[in-house]
Amino acid sequence: MPIANSSNSLPHRRSGWRTAALIYTVAGTVCILGCALVPESDVGMLVAIAGGLPWSLSLLTLGLSPGVANTALLMLTASWALNAALLWWMALRRPARHSPSHLA
């Protein structure tokens, strides 16, 4: 009995990754712009840090020196960008083509 071809559900899974990547990218843009425009907002900063995990943990390496706010914003931006890039890579990568194994 032939094995059912699972390629019918492939476009649906790709669509889910694309939707997730788009939502994450838009949310990241809003969070980072919000932090840049209203840097006093503790809630906005916490949301930006949570959304940039695990890369945003690099903020723990910052000291309390002048210019730390700009560095923190750059680190958060990089965190969101890296996560978004990974999501877009998952959304746009081509499915692996498995050739059927031939028995000798």
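A short tour of the structure in this document, coming up. (Residues numbered from 1 in each chain as written. Predicted model: local features only at pLDDT ≥ 70, side-chain atom pairs only at ≥ 80, totals over all residues. Heavy atoms only, no water.)

1. Observations regarding the nonpolar core
Counted only if it meets this: To form a nonpolar core, buried Ala, Val, Leu, Ile, Met, Phe, Trp, Tyr and Cys residues must be joined to one another through side-chain atoms within 4.5 Å. Summary of the burial criterion: residues with accessible area below 20% of their type's maximum are buried, those above 50% are exposed, and those between are partly exposed, where the area comes from a 1.4 Å probe applied to protein chains only. Helical segments are the DSSP runs of H or I of at least four residues, strand segments are the runs of E of at least two, and each set is numbered from the N terminus.
Residues Tyr 24, Ala 48, Leu 59, Leu 76 and Trp 80 are the most contacted members of the largest nonpolar core, which totals 13 residues. Elements with a contribution of two residues or more to this core: helix H1 (10-37) and helix H3 (68-92). Among the elements that line this core, the one with the most residues is H3, at six residues.

2. Concerning the packing of helix H2 (residues 42-51) against H3
A pair of packed helices is captured by two measures, namely the crossing angle of their axes and the spacing between those axes. Defined as follows: Angles shown run from 0 to 180 degrees and are taken between the N-to-C directions of axes, each axis being a line fitted to C-alpha atoms and, for helices, limited to the stretch in contact. Here the angle decides the label: under 35 degrees means roughly parallel, over 145 means roughly antiparallel, 65 to 115 means roughly perpendicular, and every other value means oblique. In this scheme the crossing of two helices becomes right-handed for a clockwise turn of the near helix relative to the far one and left-handed for an anticlockwise turn of less than a right angle. Whether two residues touch is decided by their heavy atoms; if any such pair falls within 4.5 Å, the residues are in contact. Amino acids outside the nonpolar list (Ala, Val, Leu, Ile, Met, Phe, Trp, Tyr, Cys, Pro) and the charged list (Asp, Glu, Lys, Arg) are all regarded as polar, and Gly is one of them.
H3 packs onto H2 with a crossing angle of 40° between their chain directions and a minimal axis gap of 9 Å. Taken as axis vectors, H2 and H3 run oblique relative to one another. Where H2 crosses over H3, the two elements pack in a sense that is left-handed. In this structure, H2 uses Met 45, Val 47, Ala 48, Ile 49 and Gly 51 to contact H3, whose residues at the interface are Leu 76, Trp 80 and Asn 83. Taken together, the residues of the contact of H2 with H3 break down into six nonpolar, two polar and no charged.

3. Structural notes on the side chain of Asn 83
Among the secondary structure elements, Asn 83 is positioned in helix H3. Setting aside residues up to four positions removed in sequence, Asn 83 forms contacts with Tyr 24, Gly 51, Gly 52, Leu 53, Pro 54 and Trp 55.

4. Looking at a nonpolar patch on the surface
Counted only if it meets this: The residues that make up patches have over 30% relative accessible area and no salt bridge, and they are joined within 9 Å when like-charged or within 5 Å when they are Val, Leu, Ile, Met, Phe, Trp or Tyr. Accessible surface area values rest on a Shrake-Rupley calculation with a 1.4 Å probe, where residue burial reflects the displayed protein chains alone. Basic side-chain nitrogens of Lys or Arg form a salt bridge, by our definition, when they fall within 4 Å of a carboxyl oxygen of Asp or Glu.
Residues Leu 22, Val 26 and Val 30 make up a contiguous nonpolar surface patch of about 270 Å² in total accessible area. By the element assignment, Val 26 lies in helix H1.

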